[in-house]
Amino acid sequence: MVEAVLIDLFSLPANWQNNIQGFLHNTLETIEKCSSIHAPCVYVMCCQRQESERKGEQEFFLPALRAFRSLKRRLEVVCAQTPAAALYTIKQRLDEKDLSIIKVILPKLKKDLMKVYIDHLFTAVYKFEFEDLHMVSDCENLQISEPQHEGQTLPSQDVALIQSEIQMYLESLPSLKGELTILRSPLIPDDIFLHGFTTRTGGISYIPTLSSCNLFSSSKRRDPQVVVKENLRRLANAAGFNPEAFHRVKVDHANAVCIVGKTEPDNYDGIVTNQKGVTLAAPGADCIPVLFADPVRKACGAAHSGWKGTLLGVSMATVNAMVSEYGCNMKDILVVLGPSVGPCCYKLPHESAKEFHRIDPKCVRLFDSASPYIDIRRATRILLERGGILPENIQDDSITDQNQNITFCTACHPDKFYSHVRDGTNFGTQIGFISIKD
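Rules behind the numbers
Each residue is numbered by its place in its chain's sequence as written, counting from 1. The predicted nature of this model means local features are confined to residues of pLDDT at least 70 and side-chain atom pairs, given and counted, to a pLDDT of 80 or more, with totals for whole chains, interfaces and linings taken over all residues. Heavy atoms throughout the structure, all of them, feed into the side-chain values; hydrogens and water do not. UniProt positions are given in the numbering used here, feature names are shortened, and annotations may be inferred rather than shown by experiment. Strands here mean DSSP runs of E at least two residues long; helices mean DSSP runs of H or I at least four residues long; both are numbered from the N terminus. Accessibility here uses a 1.4 Å probe with only protein chains present; expressed as a share of the type maximum, an area under 20% marks a residue as buried, one over 50% as exposed, and anything in between as partly exposed. Residue contacts are counted whenever heavy atoms from the two residues lie within 4.5 Å of one another. Note on areas: these come from Shrake-Rupley sampling with a 1.4 Å probe, and a residue is covered only by the protein chains present in the view. Pairing between two strands is assigned when DSSP locates at least 2 bridges connecting them. Axis geometry follows a simple rule: fit a line to the C-alpha atoms, using only the stretch in contact for helices, then measure angles between N-to-C directions, giving values from 0 to 180 degrees. A helix is expected to reach a length of 1.5 Å times the quantity of its residues less one. As used here, the term nonpolar core means buried Ala, Val, Leu, Ile, Met, Phe, Trp, Tyr and Cys residues forming a set that is joined through side-chain atoms within 4.5 Å. In this entry, domain limits derive from an automatic or database-based domain assignment. Pairs were defined over the aromatic rings of Phe, Tyr and Trp, the Trp ring being its six-membered one, requiring ring centres within 6.5 Å. Orientation was assigned from the angle between planes: stacked under 30 degrees, edge-to-face over 60, tilted for the rest. Any Lys NZ or Arg CZ found within 6 Å of a ring centre and within 35 degrees of that ring's normal is scored as a charge over the ring. Counting of polar contacts relies on pairs of N or O atoms within 3.5 Å, with two restrictions inside protein: one atom must be capable of donating a hydrogen and the other of accepting it, and residues adjacent in sequence are counted only when both atoms are side-chain atoms.

Per an unreviewed UniProt entry, the chain is named Purine nucleoside phosphorylase LACC1, and its organism is Oreocharis arfaki. Heading Subunit (unreviewed entry) of the UniProt record for the chain holds this comment: "Interacts with FASN. Interacts with SDHA. Interacts with ATF6, EIF2AK3 and ERN1." According to its UniProt record, the chain has this under Sequence similarities (unreviewed entry): "Belongs to the purine nucleoside phosphorylase YfiH/LACC1 family."

Below, the structure written as structure tokens:
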């Protein structure tokens, strides 16, 4: 069943303008008649006009709206200067109410345009169907139908204009939850490397568990790729790297490593380079974003280390790739473990905990329980030291100077970090990033 109806009256053809109230009245009449028990939320999307600024959109549409008392509390007129601004505002309303099934009623000639906006501003979480504005006349129009899969018919230049409009609008939005903050390690020399670990502040993502500097988009979450791209652009401006030369690992929770410049694997949790100006990144929302730097051979790497990747040795696999590809010496490689879930908050089933117990009993707390607490950071350090990394070249939560600590527990600091353990499936993502300065 449709949860929301979007009526697009934005930039109607000139010959329709005089009949706009009639179109709206007829459409709302159908919605009210077909939704007497569970009325959907209704959003009327229209262009910001000078007359609207003086009188207000509600007053302009009053003749069409006054008869629909049952829809009054669930009806909102959204006016904006661009379709991107109007749609993004409506998306916020949908997300506030956790609505996902939307019927779009619009002029037939605007359907292809609307689909481009929707493809960029929404994810696969949302399901859309379309009806022609002049054809709305019966209750069947409010039943969910199979989604349409039509080919892209707009000229590429029109699509580019829409993309530019969306980008300009998102760039104009204020940062949420404070200024963008980057944590840096004193272990990595800043005269050679640019690096850092992000926190959750300073972006534009507004959904509570994703706000505000979410840096990962998924078909299962409500943050679209264009929003993540804008968050990344703001991070790049603050940190000083080129977002067009940005390489993020393709998470598989395993131990494959990508060598920048060589054939890219389908999935990999480690990545290394010796190219200047190329920024490598690993995500984390409880899993450890691990950064690697060799100031002698001028090479660097990043790895994503969850509990599976830790057991599979993804950190040492990344180190070994630096040694084999760039001639790095183990004693020169510096390793920093970023914000991640601590042993205070992370549990695994007993069978999985056994594997960490074999690495070192101190990696497991309450070992005899059904779900022991696990220390994936300690396990990572132990495996790195066993592989040949010098203890003093590893920074993690064991550092004694708390003023230099950056390996915070993500689950314990909701104001600073995202956490899958704490926030559930619709969680945001921070990253660790590193590059060799030009």
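(A) Structural detail: the overall build of the chain. Scanning the chain from terminus to terminus reveals 13 helices and 18 strands. Relative to its 438 residues, the chain shows a buried fraction of 54%. Within the chain, contacts between residues at least 6 apart in sequence are counted, and of these 70% link residues at least 24 apart. About 19800 Å² of surface is accessible on the chain, with carbon and sulfur atoms providing 50% of the total.

(B) Region of interest: the sheet that holds strand E14 (residues 334–337). Taken together, the six strands give an open sheet; going across it, the order is E9-E10-E13-E12-E14-E17, and neighbouring strands pair in mixed fashion. Among the strands making up the open sheet, the edge pair consists of strand E9 (257–259) and strand E17 (394–395). Relative to E17, E14 runs parallel, the two sharing two bridges. Note that in E17 the partner of Val-336 across the bridge is Gln-395. Relative to strand E13 (residues 299–305), helix H10 (residues 314–326) is tilted by about 160°, and along the sheet it contacts E9, strand E10 (270–273), strand E12 (288–294) and E13.

(C) Representation of helix H8 (residues 225–239). Taking 1.5 Å as the rise per residue, H8 with 15 residues should run 21 Å; its terminal C-alpha atoms sit 20 Å apart, in good agreement. Buried within H8 we find Val-226, Val-227, Val-228, Glu-230, Asn-231, Leu-232, Arg-234, Leu-235, Ala-236 and Ala-239.

(D) Representation of helix H5 (residues 83–97) within the structure. In a regular helix each residue adds 1.5 Å, so 15 residues correspond to 21 Å; H5 covers 21 Å between its end C-alpha atoms and thus fits that length. For H5, a buried count of eleven out of 15 residues is recorded, marking the element as mostly surrounded by other parts of the structure. Inspection of H5 places Pro-83, Ala-84, Ala-85, Ala-86, Leu-87, Tyr-88, Thr-89, Ile-90, Lys-91, Leu-94 and Asp-95 among the buried residues, and these make up the whole buried set. Within two residues after H5, Asp-98 carries a phi angle of roughly 60°, on the positive side.

(E) Highlighting the sheet that holds strand E4 (residues 101–106). Strand order in the open sheet made by the five strands is E3-E2-E1-E4-E5, with parallel pairing throughout. Every interior strand has two partners, whereas the edge strands, strand E3 (75–80) and strand E5 (127–132), have only one. Geometrically, the sheet is characterised by an average inter-axis angle of 20° between neighbouring strands, direction not taken into account. Against the sheet, H5 contacts strand E1 (4–8), strand E2 (41–47), E3 and E4, and its axis sits at roughly 165° relative to E2.

(F) The nonpolar core, seen in detail. Core analysis: the largest hydrophobic core is formed by 41 residues, its most contacted members being Leu-6, Tyr-88, Val-104, Met-114 and Leu-170. The greatest single-element share of this core, amounting to seven residues, is contributed by H5. Each of domain 1 (4–135) and domain 2 (182–436) gives at least three residues to this core. Residue contacts for Val-104: discarding those within four places in its chain leaves Leu-6, Met-114, Ile-118, Phe-128, Glu-129, Phe-130 and Glu-131. Ranked by size, the runner-up nonpolar core spans 36 residues in total, among them Tyr-326, Val-335, Val-341 and Ala-353.

(G) Structural context of the packing of aromatic side chains. Counted by the stated rule, this structure contains seven aromatic pairs. Here Phe-122 and Phe-128 contribute two aromatic rings whose centre-to-centre distance is 5.0 Å and whose plane-to-plane angle is 80°, an arrangement assigned as edge-to-face. Taken together through their ring pairs, the aromatic side chains of Tyr-88, Tyr-169 and Tyr-206 make up a single cluster. Directly above the ring of Phe-427 sits Arg-221, whose terminal nitrogen or CZ lies 4.0 Å from the centroid. Just above the ring of Phe-408 sits the side chain of Lys-416; from NZ or CZ to the centre is 4.8 Å.

(H) Up close: unusual backbone geometry. Omega for the peptide link from Ser-211 to Ser-212 comes to 0°, which places this bond in the cis form. Residue Lys-298 is not a glycine yet carries a positive backbone phi of 55°.

(I) The arrangement of the environment of Arg-248 in detail. You can see Arg-248 is positioned in strand E8 (residues 246–248). Counting along the chain gives 183 residues from Arg-248 to Ile-431, while the straight-line C-alpha distance between them is 9.0 Å. Within the local environment of Arg-248, its side chain forms a polar contact with the backbone oxygen of Leu-215, the two atoms lying 2.5 Å apart.

(J) Layout of the pairing of E10. Burial of E10 is two-sided: the residues Gly-270 and Val-272 facing one way and the residues Ile-271 and Thr-273 facing the other way are all buried. Bridge count for E9 against E10 is three bridges, and the pairing is parallel. Counted as the bridge partner of Cys-258 is Ile-271 from E10.

(K) View of the environment of Cys-363. Relative to the elements of secondary structure, Cys-363 occurs in the loop between helix H11 (350–359) and strand E15 (364–365). Exposure remark for Cys-363: the relative accessible area of 1% places this residue in the buried category. The sequence separation of Cys-363 and Pro-343 amounts to 20 residues, and the corresponding C-alpha distance is 8.2 Å. The residues contacting Cys-363, other than those within four sequence positions of it, are Phe-356, Tyr-373, Ile-374, Asp-375, Arg-378, Ala-379 and Ile-382.

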